[in-house]
Structures are given as structure tokens and as C-alpha cells.
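Structural description and commentary
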Amino acid sequence: MKQLTHYDIENQQKQFPITIVCDAIRTPENIGMCFRISESFGVEKIYFHEDSPTIANRVVKKTARNTAGQIDHDTYKDFTTVVNRLKQEGNAIIGIEITDKSVAIQKFDFKQHDKIVLLLGSERHGIENVDLLDYTVSIPMFGRNSSMNVIHSLAISLYEVTNQLSDK
């Protein structure tokens, strides 16, 4: 067995009809990792709140590596406005959030939607207004803790979504 380097690997480089909206994420490491994870899974675009750290931030830049320049991203001022606009553009608005209506992520049929927005809540309070969402999905957990880091949730979610959409 030989461990491969980045130079030995050629990824398929596929893009999926997935947009990420980050609801007021404030931690520079989480912003940087959002770029890396989203680029790795072929996300089309990311929206960050205008008060979130930008790619000019040293920690964001270091964590994102070169992926910030490889994925389309923009900022928004008002969460409700950006979500409603994306909904009008035909996106299914899916929150990664624990609610009384959440479906276990592996049981949600992402293939039935042509365009998907995955909404990530803030590190402290989750998604600002769950009433704006069409659906919520949750990640089954088996320990005592009921939540995980927002970017870990994104990584798990993107794995499941792209896995399903690859079979479409």
C-alpha cells in the first residue's frame, strides 16, 4: 500500500446545484472550512452575512487555503430577503437543524429537488427563522451531546446530498 499525495489524485470535478447560506456564522475558522468543504463537494455558491469574517481575514484565508478563489460567494444583509429570493428562484430551502419536523438526513430524498439551498445556523443559536424553511434535516447522533460543530454538520450533509445526487 502506498499513501498518495495531492499530485497523485485526480478528482472528478463535478458541480452540483447546491447553494449554501450561512446564517451569521462568526468564527473565521468556520468560514474558511466552509469554503474548503463546499469546494470539495462541488457546491455552486456560498452566501455569508455581511458581518461575517471575509476572505481578507488572515485566519479565513489560511483555513480556506486556495478554495476561496475557486467557489462563487457573496454576502447578504438580510437573512429573510436572501432566503425568499432563493426560494423564488426555485430552490428548495433545507435547514440543517433539529426541529420537531426534521427528517433524518439519510431518509430525506434530495433527488426530488432540482436546486437545493442548505442553510447553516449560527454557532450559538442555530437558524434565525425556521419558518422560512421548506424542510429541515437532522444528523442522527448516538452520544449524549445533541449538537456538533456547524461545519462538521455541513460536511456530513454535503456527503449525503452529493451521494444521492450522483445517482440521479
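Structure report, in brief. (Residues numbered from 1 in each chain as written. Predicted model: local features only at pLDDT ≥ 70, side-chain atom pairs only at ≥ 80, totals over all residues. Heavy atoms only, no water.)

1. Remarks on the overall build of the chain
The criterion, for reference: Here a helix means four or more residues in a row that DSSP labels H or I, a strand means two or more in a row labelled E, and each is numbered from the N terminus. For the radius of gyration, the atoms used are the C-alpha atoms, and the globule rule reads 2.2 Å times the number of residues raised to 0.38. Burial here depends on accessible area, computed with a 1.4 Å probe over protein chains only, as a share of the maximum for the residue type. Under 20% is buried, over 50% is exposed, and the range in between is partly exposed. Residue contacts follow a heavy-atom distance rule, with two residues in contact if any of their heavy atoms lie within 4.5 Å.
Each helix and strand in the chain was counted, giving 4 helices and 7 strands. Starting at the N terminus, the α and β elements of the chain follow one another as β-α-β-α-β-α-β-β-β-β-α. Its C-alpha atoms give the chain a radius of gyration of 16 Å, within 12% of the compact-globule value 15 Å for 168 residues. Summarising its shape, the C-alpha atoms of the chain cover approximately 50 × 40 × 35 Å along the three principal directions. Evaluated residue by residue, the chain yields a buried proportion of 43% over its 168 residues. The contacts of the chain with a sequence gap of at least 6 include a subset with a gap of at least 24, amounting to 84%.

2. Re the layout of surface pockets
To keep it simple, the criterion reads: In this analysis the probe radius is 1.4 Å and the grid spacing 1 Å, with only protein atoms considered; a cavity is a set of points the probe fits into but cannot get out of, a pocket is an open set with protein on both sides within 12 Å along at least five of seven lines, and lining residues have an atom within 4 Å of a point. Grid points are joined across faces, edges and corners, and a volume is the space filled by probe spheres set on the points. In this classification, the charged set is Asp, Glu, Lys and Arg, the nonpolar set is Ala, Val, Leu, Ile, Met, Phe, Trp, Tyr, Cys and Pro, and all remaining amino acids, among them Gly, are polar.
Size it by volume and the largest pocket reaches roughly 930 Å³. If you trace the largest pocket, you find 26 residues lining it, with N11, Q13, E39, S40 and F41 closest to the centre. Those elements that provide at least two residues to the lining of the largest pocket are helix 1 (28-40) and helix 4 (150-166). Space inside the second largest pocket adds up to approximately 370 Å³. What lines the second largest pocket is a set of 21 residues, among which I96, E97, S147, M148 and S153 lie closest to the centre. Those elements that place two or more of their residues in the lining of the second largest pocket are strand 7 (135-138) and helix 4. Its residues assigned to classes, the lining of the second largest pocket shows 8 nonpolar, 10 polar and 3 charged.

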